[in-house]
Amino acid sequence: AWDPANADAAYQPSVITVPAGTTITWRNDDTMQHTVTSGSSDGKVGSPDGTFDSGLLDSGATFTRTFDEAGTFDYYCIPHPWMIGQVEVTG
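So, here's what we can say about the structure.

What counts as what
- Residues numbered from 1 in each chain as written.
- Predicted model: local features only at pLDDT ≥ 70, side-chain atom pairs only at ≥ 80, totals over all residues.
- Heavy atoms only, no water.
- Helix = DSSP H or I, 4+ residues; strand = E, 2+ residues; numbered from the N terminus.
- Rg over C-alpha atoms; globule rule 2.2 N^0.38 Å.
- Core = buried A, V, L, I, M, F, W, Y, C linked by side-chain atoms within 4.5 Å.
- Buried < 20%, exposed > 50% of the residue type's maximum accessible area, 1.4 Å probe, protein only.
- Contact = heavy atoms within 4.5 Å.
- Pairing = 2+ DSSP bridges.
- Phe/Tyr/Trp six-rings, centres within 6.5 Å; stacked < 30°, edge-to-face > 60°.

1. Here we look at the overall build of the protein chain
For the protein chain, the count of helices and strands is 0 helices and 7 strands. When the elements of the protein chain are put in sequence order from the N terminus, they spell out β-β-β-β-β-β-β. Computed over its C-alpha atoms, the radius of gyration of the protein chain comes to 12 Å, within 12% of the 12 Å expected for a compact globule of 91 residues. By its C-alpha atoms, the protein chain is 35 × 25 × 20 Å across when sized along the principal axes.

Listed below in structure tokens is the structure:
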């Protein structure tokens, strides 16, 4: 996932739809450090929005967040801004 050529496989799945109240856990299965940072990215530069941020996750580390409110939550990896994902939370 650290390679821009693999951007489509960075987060698996890259888009997930869940009901409000769902807890999601991301796991870093790569050998590189990554983040799960809320905000937008154009694939080259990200802009965090402050909603959530995992900090740097080492290989095998996890980050968990509960989504209590409906909405669309975009996220990306700070060191690798071509890694983009989205959580869609339904009411």
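Now, onward.
2. Examining the nonpolar core
If you look at the biggest cluster of nonpolar residues, it comprises 16 residues, and the most contacted ones within it are Tyr 11, Trp 26, Val 36, Phe 52, Phe 67, Tyr 75 and Val 87. Every element with two or more residues in this core is listed here: strand E2 (22–27), strand E5 (62–67), strand E6 (71–76) and strand E7 (84–90). Dropping the residues within four chain positions of it, Trp 26 is found in contact with Tyr 11, Val 36, Ala 61, Thr 62, Phe 63, Arg 65, Phe 67, Tyr 75 and Val 87.

3. Some thoughts on the pairing of E6
Relative to E6, strand E3 (residues 37–41) runs antiparallel, the two sharing 2 bridges. Each bridged residue has a counterpart across the sheet, and for Thr 37 the counterpart in E6 is Tyr 76.

4. Quick notes on the packing of aromatic side chains
Each aromatic ring pair is specified by the distance between its two centres and by the angle formed by the two planes. Overall, the coordinates contain 8 aromatic pairs when judged by the stated rule. Ring geometry for Tyr 11 versus Tyr 75: centroids 4.7 Å apart, planes at 70°, classification edge-to-face. Within this pair, whereas Tyr 11 is found in the segment before strand E1 (15–19), its partner Tyr 75 is found in strand E6, the two being separated by 64 residues in sequence. Just as Tyr 11 is buried, Tyr 75 falls in that class too. Ring pairing ties together the aromatic residues Tyr 11, Trp 26, Phe 52, Phe 63, Phe 67, Phe 73 and Tyr 75, which thus form one cluster.

5. Considerations on the environment of Gly 55
Along the polypeptide, Gly 55 turns up in the loop between strand E4 (46–53) and E5. In the structure, Gly 55 is positioned 36 residues away from Gly 91 in sequence and 28 Å away in space, judged by C-alpha atoms. In contact with Gly 55, other than residues within four places in its own chain, are His 34 and Thr 35.

6. Structural notes on unusual backbone geometry
In the segment running from Gln 12 into Pro 13, the intervening peptide bond is cis, with an omega of -5°. Topologically, Pro 13 is positioned in the segment before E1.

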